[in-house]
Amino acid sequence: MRDFDEPDADGLSVTAPKTWATGAPAVAHALKYALGQTSPTRTALTLLTINQAKGFDCPGCAWPEPAPGQRHRNEYCENGAKHISDEATTRRVTAAFFREHSVDELSRRSDHWLNQQGRLTEPMVLREGATHYEPIGWDEALDLLAGELRALDHPDEALFYTSGRLANEPAFLLQLFARAFGTNNLPDCSNLCHESSGSALGETLGIGKGSVSLDDLHDADLVFVVGQNPGTNHPRMLSALEETKRRGGRVVAVNPLPEAGLLRFKHPQKARGVLGRGTTIADQFLQIRPGGDLALFQALNLLLLEAEEKEPGTVLDREFIETHTTGYDAFAEHIRQTSWDAVLDATGLTRDEIEEVHERVLASRGVVVCWAMGLTQHKHGVPTIREIVNFLLLRGNIGRPGAGVCPVRGHSNVQGDRTMGIWERMPQPFLDRLGREFAFTPPTAHGLDSVDSIRAMRDGRAKVFVGVAGNFVRATPDSDVTEHALRTCRLTAHISTKLNRSHTVCGRTALILPTLGRSDRDVQAGGEQFMTVEDSMSEVHATRGRLAPASPHLLSEVSLITRLARKVLGAEPAIPWEEFEADYDLVRDRVARVVDGFEDFNERVRRPGGFRLPNPVNSRVFRTPSGKAVFTANDFTALRAPEGHLVLQTLRSHDQWNTVPYALDDRYRGIKGGRRVVLVNSADLAGLGLADGDLVDLVGVWTDGTQRRADAFRVVAYPTPPGSAAAYYPETNVLVPLDSVADISNTPTSKSVIVRLERAATAG
Ligand SMILES: Nc1nc2c(c(=O)[nH]1)N[C@H]1C(S)=C(S)[C@@H](COP(=O)(O)OP(=O)(O)OC[C@H]3O[C@@H](n4cnc5c(=O)[nH]c(N)nc54)[C@H](O)[C@@H]3O)O[C@H]1N2
Ligand SMILES: Nc1nc2c(c(=O)[nH]1)N[C@H]1C(S)=C(S)[C@@H](COP(=O)(O)OP(=O)(O)OC[C@H]3O[C@@H](n4cnc5c(=O)[nH]c(N)nc54)[C@H](O)[C@@H]3O)O[C@H]1N2
Ligand SMILES: [Mo]
């Protein structure tokens, strides 16, 4: 499928990829984007309060802030600044805009164009059979949605999708509402993101979260950065790694692409960073084949076992293994079967490279492994992360300073949303506490995750879709199938700040319910409110918007959810929705009683910097059935495309935030002015009879014989490992089959799509 009205590849220019990230140009880029969206005063007001103790949490990513006294005046990055300017924009989407543009026309606009129209300003409805959205009052809009929800044969015919933009208070209320209504159908962006991490860590360590703090990272002797592009997606992580290195730690980066930020970093807030060569981040860079990480860690584990055999008692932490783990014997036996030929084939690395990493491990006491989508979005994502846990357990690198697991989260509050109960399979003890607190019996059957929600809509089992933040249609795989699924709904409703494609792929009736953003001031009957978030390292703190709301007609997410709940459930003395809307402290009081680790929530979150949730793993308490950390035996296979095909990964450019491209450049990779590019190494191109600059269609092939097509991509010769390619998400989501998911976690395999390149019939 040709992707809407994306500009043609003609405007595109390609130069050599960069070998360093951040630095002075980054700040200039951020300011340029900010001033293109809003006024200098608003720019100053927003950028100066991002991530400051009394300001708002940067919605750019989930990387933690240093303790209040140690923050930079500008504790944000280029991309966070772009992100916040995008929300603080002075551009507006009004009723007149919707009169002018039909839904059909809007559905043919690009993601970039839709986002550039500005902030949504008033509730809109697309009535059955209509061609255009029209204004609707808040009361009528919520009545309409409540009426459709009440008319369902069963609450499980409703879906409540959320994205990690949602703060804790509305997240808690949303899951409470869904469960009081009678369903656990709470699919979220985490299903598409770090679900594999949650599955693997929950099973092996008893909690699906990372264990390290910023201090642990600084103090580590060795940090692995695996399957992650921090220069673009977590720029502030580079400052942390710079500190690790300053203290003598070492960094090993594992990635199929030589990403700029992994190689060298120039700190934008320090003079030497702006002027100098910057810090070399990776002491060792392993250009691994896609999907090869499980084999790599298995080989490292084999080397550790062999080293221990040679010098017993010097390599493994025997005492830790004995006291705190189970499954070691079966694991060790399995590891001893590892074949080096198979490892080298799967990883594309040399044995020397792997031995060098092994030497670094032996020389290091504290080891931290960080990872993101390069691991989770593969078929074997869960076993890969389990193998990383094995690797850390062997030397007792769990539950002591300077060591541990660090899944680097994406959305600023994606971790908090889970803590608040946004999960289709929340554990029974949580449901019991929730039910006791609010005097009802929550449903116990597991709900639908994101992929299963698409199947349910497709098959007519789900009929009302409510999206709270996010852009479901563009975040999910198999775009044609997903769009069709949404169009079969009786009603689709989106609580959003900005226009996106999900608003244009509508059920029989559709609602746009515009809401306040992070940077907007939130005033309720009980006065000015703040909300709270939890970052990637379990730090919980307040976030408070400072700007006048984008429009006087906006409702906060809390208002929207509580008002909807009242309309659907009626007056319910056990759940004081109206009081919750007036005063978010009252919501936090309830969170304190339902959610582990939130005692005295209101008091503690008002302290500068907030508080850190306890992670039992750090006291070597493992909430697994055996009460111990679990060694697992995992099998790897080499990820290979058939002859004439490539393994395609779908990733982010530097100028996008998830489904929303802010601009059409990817500076560090040398791409300018276009997004329809496919990066392939020169040897593969030669073998395929193609050359840099050619125009091709990407044709996805799937095991059931079905094919999927994304048209008109410019070929860019790029140092990808043999047999693999890369292109941007969401333009390539159309190629990811709905049934191509990670084992156990059900996460789409966005980093391994089998494609072939067909010369495009016509240029442009
Ligand atoms: N500016 C900006 N910041 C963001 C986001 C954004 O869109 N823009 N999104 C946020 C969100 S929600 C998330 S989840 C994170 C995502 O952060 P990342 O995970 O860094 O995002 P991706 O662009 O998907 O990059 C995946 C990386 O994994 C590598 N990779 C792919 N396959 C493999 C593999 O098999 N093995 C290994 N070792 N590496 C592999 C890719 O080459 C790439 O460097 O970023 C968050 N921060
Ligand atoms: N092929 C492929 N697909 C992927 C990925 C990939 O790497 N490859 N990555 C996956 C990952 S990691 C993720 S996390 C998902 C992301 O999926 P989502 O979280 O669903 O998508 P976003 O692009 O973050 O959503 C952007 C929209 O959120 C709304 N929004 C922004 N701020 C707010 C707010 O404060 N409140 C409300 N109510 N709305 C707001 C705006 O209307 C905006 O248009 O995509 C996934 N999809
Ligand atoms: Mo994500």
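Residues numbered from 1 in each chain as written. Chains lettered and ligands numbered in written order. Predicted model: local features only at pLDDT ≥ 70, side-chain atom pairs only at ≥ 80, totals over all residues. Heavy atoms only, no water.

As a further point, take the domain arrangement of the protein chain. Each domain of the protein chain was delimited in the assignment, giving domain 1 (9-15 + 642-763), domain 2 (21-87), domain 3 (92-192 + 413-618) and domain 4 (195-407). Counting residues at the interface gives 26 residues for domain 1, matched by 25 residues for domain 4. Across the domain 1/domain 4 interface, buried area totals approximately 2,000 Å², and carbon plus sulfur atoms make up 57% of it. The largest contributions to the domain 1 side of the interface with domain 4 come from Pro721, Asp743 and Lys751, which together make up 25% of the buried area. (Domains from an automatic or database assignment. Contact = heavy atoms within 4.5 Å. Buried area = accessible area lost by both parts, 1.4 Å probe.)

Attention now moves to the site of ligand 2. Around ligand 2 there are 29 residues in total, and Tyr161, His411, Ala475, Glu557 and Thr659 lie nearest to it. The separation between an oxygen atom of ligand 2 and a polar side-chain atom of Ser163 is 3.0 Å. Class assignment for the residues of the shell around ligand 2 results in ten nonpolar, 14 polar and five charged. Two domains each put at least three residues into the shell around ligand 2: domain 1 (9-15 + 642-763) and domain 3 (92-192 + 413-618). (Near = heavy atom within 4 Å. Polar contact = N/O pair within 3.5 Å; in protein donor to acceptor, adjacent residues only side chain to side chain. Nonpolar A, V, L, I, M, F, W, Y, C, P; charged D, E, K, R; others polar.)

Computed from the structure, the largest pocket encloses a volume of approximately 1,200 Å³. As for the largest pocket, its lining consists of 40 residues, and the residues nearest its centre are Ile207, Gly208, Trp423, Met426 and Pro427. Looking at the lining of the largest pocket, the elements with two or more residues in it are helix H9 (195-205), helix H22 (414-419) and helix H23 (428-438). The element that contributes the greatest number of residues to the lining of the largest pocket is H9, accounting for five residues. Counted by class, the lining of the largest pocket contains 13 nonpolar, 15 polar and twelve charged residues. (1 Å grid on protein atoms, 1.4 Å probe; cavity = no way out; pocket = protein on both sides within 12 Å on 5 of 7 lines; lining within 4 Å. Points joined across faces, edges and corners; volume = space filled by probe spheres on them. Helix = DSSP H or I, 4+ residues; strand = E, 2+ residues; numbered from the N terminus.)

Another aspect to go through is the packing of helix H7 (residues 138-150) against helix H27 (residues 557-569). As a packed pair, H7 and H27 sit with axes 9 Å apart at the nearest point and diverge in direction by 55°. Overall, the two elements H7 and H27 adopt an arrangement that is oblique. For the pair H7 and H27, the sense of crossing is right-handed. Here Trp138, Asp139, Leu142, Asp143, Leu145, Ala146, Leu149 and Arg150 of H7 come into contact with H27, specifically with Leu560, Arg563, Leu564, Lys567 and Val568. For the contact of H7 with H27, the residue count by class is eight nonpolar, no polar and five charged. (Axes fitted to C-alpha atoms, helices over the stretch in contact; angles between N-to-C directions. Parallel < 35°, antiparallel > 145°, perpendicular 65-115°, else oblique. Left-handed = near helix turned anticlockwise from the far one by under 90°.)

Attention now goes to the nonpolar core. Residues Leu145, Leu149, Phe160, Phe172, Phe177, Leu511 and Phe598 are the most contacted members of the largest nonpolar core, which totals 64 residues. Looking at which element gives the most residues to this core, the answer is helix H8 (residues 168-181), with eight residues. Excluding residues that lie within four positions of it along the chain, Leu511 makes contacts with Met124, Val125, Tyr133, Ile136, Ala141, Leu145, Leu491, Thr492, Ala493 and His494. Formed by 56 residues, the second largest nonpolar core is a distinct cluster that contains Phe224, Phe331, Val343 and Phe622. (Core = buried A, V, L, I, M, F, W, Y, C linked by side-chain atoms within 4.5 Å. Buried < 20%, exposed > 50% of the residue type's maximum accessible area, 1.4 Å probe, protein only.)

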